[in-house]
Amino acid sequence: ELKVEQNPLFLSMQEGKNYTIYCNYSTTSDRLYWYRQDPGKSLESLFVLLSNGAVKQEGRLMASLDTKARLSTLHITAAVHDLSATYFCAVDMKGLNNDMRFGAGTRLTVKP
Amino acid sequence: KAGVTQTPRYLIKTRGQQVTLSCSPISGHRSVSWYQQTPGQGLQFLFEYFSETQRNKGNFPGRFSGRQFSNSRSEMNVSTLELGDSALYLCASSLGTMPTNEQFFGPGTRLTVL
């Protein structure tokens, strides 16, 4: 069964610092997604990674995908308070029921 | 451009009842997917509809069903509600079928089953 594991699950960091969230998955897939969710809100799509080696950047966030290692990273540069949210990765299970599996989410808190 | 809309936003039902949730995708989007979010199970994929056909289905019992209309609007139905069905139900639309297309999520319907 496909497992998607995110770590850490909780992350508290100071403004201005850098950190990386990891997303490991247990089966072959070449499509991975990152989402942001603010408390009580819906999901916002951040990145769609469609091939091995894909790297995408938006502002202080950069996502990458290594399909051989079955690993995606979401790197935060010089964190600011507005980045406080829960971040989810999701893996496409195409070929295995054709659905998407989500990680448990990383709750990020950026402190002044 | 209007975003994805879901109705109702909040719903309270009792065990054994059935419920229908509605999702209107972004204009021009033909794919609608449904997700369940609970504190215990997290986010789980329910199903995806594209051009009125169910394309993909997650691991949920047959009590959960859906359909899509010719205008791409979608409904999700849950019959014989159980306490464990209390959740935030999210729908997402995209231009084409998942997974290659970016999904845009609606605000969700929060269902409480008493």
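Just so it is clear, the model here is predicted, and its values are computed rather than measured.

Chemist: Give a detailed account of the overall build of chain A, specifying residues and quantitative values.
Modeler: Looking only at helices and strands, chain A has zero helices and 11 strands in total. Helices and strands in chain A line up, N terminus first, as β-β-β-β-β-β-β-β-β-β-β. Along the longest, intermediate and shortest principal axes, the C-alpha atoms of chain A span 45 × 30 × 20 Å. Here chain A holds 112 residues, and the buried ones make up 47% of them. Residue pairs in contact within chain A that sit at least 24 positions apart in sequence constitute 54% of those at least 6 positions apart. Put simply, chain A shows about 5600 Å² of open surface, and 48% of that area lies on carbon and sulfur atoms. Positive and negative side-chain charges of chain A, numbering 13 and 11 respectively, have mean locations separated by a distance of 2 Å.

Chemist: So what's going on with the packing of aromatic side chains? Residues and values would help.
Modeler: What describes a pair of aromatic rings is the distance from one ring centre to the other and the angle between the planes of the rings. Considering all chains together, one arrives at eight aromatic pairs over all chains under this definition. Centre to centre, the rings of Tyr35 of chain A and Phe105 of chain B are 5.3 Å apart; their planes meet at 90°, and the pair counts as edge-to-face. Taken together, the residues Tyr35 of chain A in strand 4 (residues 32–37) and Phe105 of chain B in strand 10 (residues 104–105) connect one chain to another. Given the relative accessible area of 1%, Tyr35 of chain A is considered buried. Look at Phe47 of chain B and Tyr49 of chain B: their rings are 5.6 Å apart centre to centre, the planes differ by 70°, and that puts the pair in the edge-to-face class. Each member of the pair, Phe47 of chain B as well as Tyr49 of chain B, is classed as buried. Taken together, the ring pairs in this structure connect Tyr33, Tyr35 and Phe102 of chain A together with Tyr35, Phe45 and Phe105 of chain B into an aromatic cluster.

Chemist: Explain unusual backbone geometry residue by residue, including any values.
Modeler: Leaving glycine aside, a negative phi is the common case for residues, and trans is the common case for peptide bonds. For the bond from Asn7 of chain A to Pro8 of chain A, the omega torsion is 0°, close enough to zero to count as cis. In this chain, Thr7 of chain B is followed by Pro8 of chain B through a cis amide linkage whose omega measures -10°. With respect to the helices and strands, the residue Pro8 of chain B is situated in the loop between strand 1 (5–7) and strand 2 (10–13). The backbone phi angle of Ser51 of chain B is positive, close to 50°, even though this residue is not glycine. At Ser72 of chain B, a position not held by glycine, the phi torsion is positive, near 75°.

Chemist: If you had to explain the interface of chain B and chain A to someone new, which residues and values would you point to?
Modeler: If you look at the interface, chain B gives 17 residues, while chain A gives 17 residues. Taking both partners together, chain B and chain A bury about 1500 Å²; carbon and sulfur atoms supply 58% of that area. Where chain B meets chain A, there are four residue pairs in polar contact (both at pLDDT 80 or more). For the side of chain B that touches chain A, the secondary-structure elements that each account for two or more residues are strand 4 (31–38), strand 5 (42–50), strand 6 (53–57) and strand 9 (87–94) of chain B. A breakdown of the residues in the side of chain B that touches chain A according to their chemical character gives nine nonpolar, six polar and two charged.

Chemist: So what's going on with the sheet that holds strand 6 (residues 55–58) of chain A? Which residues, and what values?
Modeler: Residue and element names in this part refer to chain A. Judged by pairing direction, the sheet is antiparallel, and its five strands sit side by side in the order 1-3-8-7-6 without closing on themselves. Only two strands of the sheet have a single neighbouring strand rather than two, namely strand 1 (4–7) and strand 6. With direction set aside, neighbouring strand axes in the sheet form an average angle of 15°.

Conventions used here
- Residues numbered from 1 in each chain as written.
- Chains lettered and ligands numbered in written order.
- Predicted model: local features only at pLDDT ≥ 70, side-chain atom pairs only at ≥ 80, totals over all residues.
- Heavy atoms only, no water.
- Helix = DSSP H or I, 4+ residues; strand = E, 2+ residues; numbered from the N terminus.
- Buried < 20%, exposed > 50% of the residue type's maximum accessible area, 1.4 Å probe, protein only.
- Contact = heavy atoms within 4.5 Å.
- Areas by Shrake-Rupley, 256 points an atom, 1.4 Å probe, with all protein chains shown as cover.
- Lys, Arg positive; Asp, Glu negative; His and termini not counted.
- Charge placed at Lys NZ, Arg CZ, Asp CG, Glu CD.
- Phe/Tyr/Trp six-rings, centres within 6.5 Å; stacked < 30°, edge-to-face > 60°.
- Buried area = accessible area lost by both parts, 1.4 Å probe.
- Polar contact = N/O pair within 3.5 Å; in protein donor to acceptor, adjacent residues only side chain to side chain.
- Nonpolar A, V, L, I, M, F, W, Y, C, P; charged D, E, K, R; others polar.
- Pairing = 2+ DSSP bridges.
- Axes fitted to C-alpha atoms, helices over the stretch in contact; angles between N-to-C directions.

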